[in-house]
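Here's the letter readout for the chains.
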Amino acid sequence: MRRTQLTTRRSLFPYLLLGPSILLVLVVFCYPLVYSLSLSLQSWNLLELGPRVFIGLKNYSALITEPRFLNSLSTTLLFLMGTVSVQFVIGFALALLLNKSVAGRNFLRTLICLPMTLAAVVVGLLWMWLLDPNLGMVNYYLRRLGFEARSFLGDPSLALASVILIDAWRNVPFTFLALLAGIQRIPPEMYEACRIDGASFWTMLTRVTIPLLRPIVVVVLLLKIMDAMKTFDLIFVLTQGGPGICTETLSMLAYKVGLVNFDVGAGAAIATSLVIVTLLVTVVYGRQSLRSDGVEF
Amino acid sequence: MVVLVGLCLTIGSISVMASPQPLRVLVLSTNETTLLPKLIREFEVQTGRKVETEAIPHGELMQKMMLSLVSRSPDYDVVAVATEYFGSLQPHLEPLDGYIKTTPAIDMVDYLPGVIQQFTSHGKVYALPWYVNVLLGVYRTDIFRTKGLKWPTTWTEYAQVAEKATDRANNISGATFPGRVHAHLTIEWVQRYWSKGGELFDDDGRPTFATEAGIEAVDDMLDLIYERNAVPPGFLERSYIEDRSVFMAGCAAMGWFWPGQLPILNDPRSSAVVGKWAVGVRPGTPWASVWAFGIPKYSRNKADAYKLIYQLTNKEASLYYAMNGVPQARRSSMENREVLAKTPYFKEVATSLARSKTAPAVDNWPKIDEILARNLSRAISRETSPREALAAAENEVKKTVK
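Computed from a prediction, not measured in an experiment: that's the story for all the values here.

Overall, the coordinates contain 32 salt bridges over all chains when judged by the stated rule. Across the pair D204 of chain B and R206 of chain B runs a salt bridge, and its minimum N-O distance is 3.1 Å. D204 of chain B sits in the exposed class, given a relative accessible area of 60%. For R206 of chain B, a relative accessible area of 45% translates into the label partly exposed. Between D223 of chain B and R228 of chain B there is a salt bridge, with the nearest N and O atoms lying 2.8 Å from each other. Members of the salt-bridge network, linked through shared partners, are R68, E248 and K256 of chain A together with E370, R374 and E396 of chain B.

What follows is the structure, encoded as structure tokens:
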């Protein structure tokens, strides 16, 4: 009898220890998600005093035919592809460069990591002033070099590209650090063996570095994809989705519909769509990338 | 130990319950707000009641207020309400008539005609005016003198003067223009539209944006921007807020300021145009707005909240604001000789107010404003034609207005 009680206590003990953490996760993660999902199934506008009405999937069906939503979806995907590829290419190049013993390596590593320490709002304001066509430094030097001042954030043909580059500038340090750590874990003997065999830099890069970095690259890209999908603060400060709707990503649209127009139901539907799109992109990419490594995703 | 902690907690909670909670005020963070602390301190000394003020930027104010009011939260005892948002907020505000009747010194007759009506619904007053906002033109006296220019009285003259004042070689544009997707872009178009006789809604409450006058108003803006090339580069990135910096840096010959912000033009730490500017009345029909204080229905301190509102809006308070350059809805302050001597631009404020109009009394202006700003931005960035942009805005608003 006593042994049975002891066994029961022992089997419950881990759950008791885990209980508070699980409760915390349920409260701070699951509750908002479920609440947002339930809001997305209702018609609820804060400017109207009427009650919330359950309308099923009507908010979602309205989105599918809404050109503004489709524009935001394509802008989000363009932004995602742009910022992640720029971050990856520059981060990888810098990691390769600063893995070698170059003069001032430690100083350069610290310098590259600086943008990561700045909040997105600060980065936005900083670049807004740097790019200002009248008072900004970038346009000042463009004029000095004989070029015309450009409105990088106001010109519809330049706005999204500018936002992508600014976001990449802020996020390159993370990619750089993660890839540098990965490169440093590759045993130097492998490169030595390659050199003895007369392999070129390119061969070492494609046959040793990239294959051995692959798991880290997959994780870095997954994190950056999720990060890029939910970017809001930087765009809010830089363009507020403009000019027109040129830089209006899904998170920006959800904010405008939910918290500027106070159409909470439709805003929640957009936010939920963003979660779904993020999951889709992440799962598809994760599966494709990790399957070849024999990892379950 | 446990008993001791329990005792401390009990004593602590009893003392918290015994002392009244501070009154909580939600206002916008702006130059005018910096004048409130003095009056609030006086209130605290007189009543012994503490006041906590939360000042947040204009863009976020409405969101915070709306979320608090819709959830019937007693978070705030006094809130700042602008004319254009009154329709949305009124259902959540407490009528003040009962309190006003008990305050004979309030002198409601002192308010300029039509101001109290902006915060009146079904015969009940819901907020008392704090200050008046009407856009004023500012211009560089040195540039105007050198080029022999006069402050324009019509929008056509305005475009001509802006073109003449433009001096690209010296990085000076004729006029600032708020082209960012922002409420200020809506204001810029609405004023031109009103000036051409247009109205935002017909008698049945249907939106009427894509009219000939509406399209002409956008064409005027395009003419100023592209044909005459008279606005600063990067106008699509700026609202009136950022435009201020352009004028203050000496990069524009004409700009638009809210009156309460004019004093910063004379601050040499931030302005390169000290002593080189004057004020002009906006052509046509200027946009005006009144900021007022109201009490949320859900406040638990309504009587004290009203006392605070009275403290912040009575004749003495109004005179104090006016002496500090903030236009008032009270005649006694706006006509005060000392005030007029200290702030000569109040003459232009009075002229503008007499010609001005306010946002239509609808209960969903924030949404209409967002729709207009977004579509106007597409038109002025030449993504779409003025007619298409206004028709798109009109259709969207039609779905909104029920």
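Okay, back to it.
In low-pLDDT segments, the atomic positions of the prediction should not be examined closely. Across chain B, pLDDT averages 91, with 95% of residues at or above 70. Predicted complex, confidence summary: ipTM 0.78, pTM 0.83.

A few words now on helix α8 (residues 183–195) of chain B. All names here are of chain B. The terminal C-alpha atoms of α8 lie 18 Å apart, and with 13 residues this matches the ideal 18 Å at 1.5 Å per residue to within 8%. Most of α8 is tucked away, with twelve of its 13 residues classed as buried. When we look at burial in α8, the residues that qualify are A183, H184, L185, T186, I187, E188, W189, V190, Q191, R192, Y193 and W194. Each element contacted by the buried residues of α8 is listed here: α7 (155–165), α9 (212–227), α10 (240–248), β9 (252–257), α16 (365–380) and α17 (386–400). Count one or two residues on from α8 and you reach G197, which has phi positive near 90°.

So, about the interface of chain A and chain B. On the side of chain B, 35 residues touch chain A, which itself brings 37 residues to the contact. Contact between chain A and chain B buries roughly 2900 Å² in total, counting both sides, with carbon and sulfur atoms accounting for 58%. Among the residues of chain A in contact with chain B, L46, L47 and N134 of chain A are the three that bury the most area, contributing 21% of the side total. Put simply, chain A and chain B have three salt bridges between them. A salt bridge links D263 of chain A to K367 of chain B, with the shortest nitrogen-to-oxygen separation between them at 3.5 Å. At the junction of chain A with chain B, the criterion picks out ten residue pairs in polar contact (both at pLDDT 80 or more). For the side of chain A that touches chain B, the elements supplying multiple residues, two or more each, are α5 (120–131), α10 (233–238) and α11 (250–260) of chain A. Residue contributions to the side of chain A that touches chain B peak at four residues, all from α11 of chain A. Looking at the side of chain A that touches chain B residue by residue, the classes come out as 21 nonpolar, nine polar and seven charged.

Procedures and definitions
- Residues numbered from 1 in each chain as written.
- Chains lettered and ligands numbered in written order.
- Predicted model: local features only at pLDDT ≥ 70, side-chain atom pairs only at ≥ 80, totals over all residues.
- Heavy atoms only, no water.
- Salt bridge = Lys/Arg side-chain N within 4 Å of Asp/Glu carboxyl O.
- Buried < 20%, exposed > 50% of the residue type's maximum accessible area, 1.4 Å probe, protein only.
- pLDDT = per-residue confidence, 0-100.
- Helix = DSSP H or I, 4+ residues; strand = E, 2+ residues; numbered from the N terminus.
- Expected span 1.5 Å × (residues − 1).
- Contact = heavy atoms within 4.5 Å.
- Buried area = accessible area lost by both parts, 1.4 Å probe.
- Polar contact = N/O pair within 3.5 Å; in protein donor to acceptor, adjacent residues only side chain to side chain.
- Nonpolar A, V, L, I, M, F, W, Y, C, P; charged D, E, K, R; others polar.

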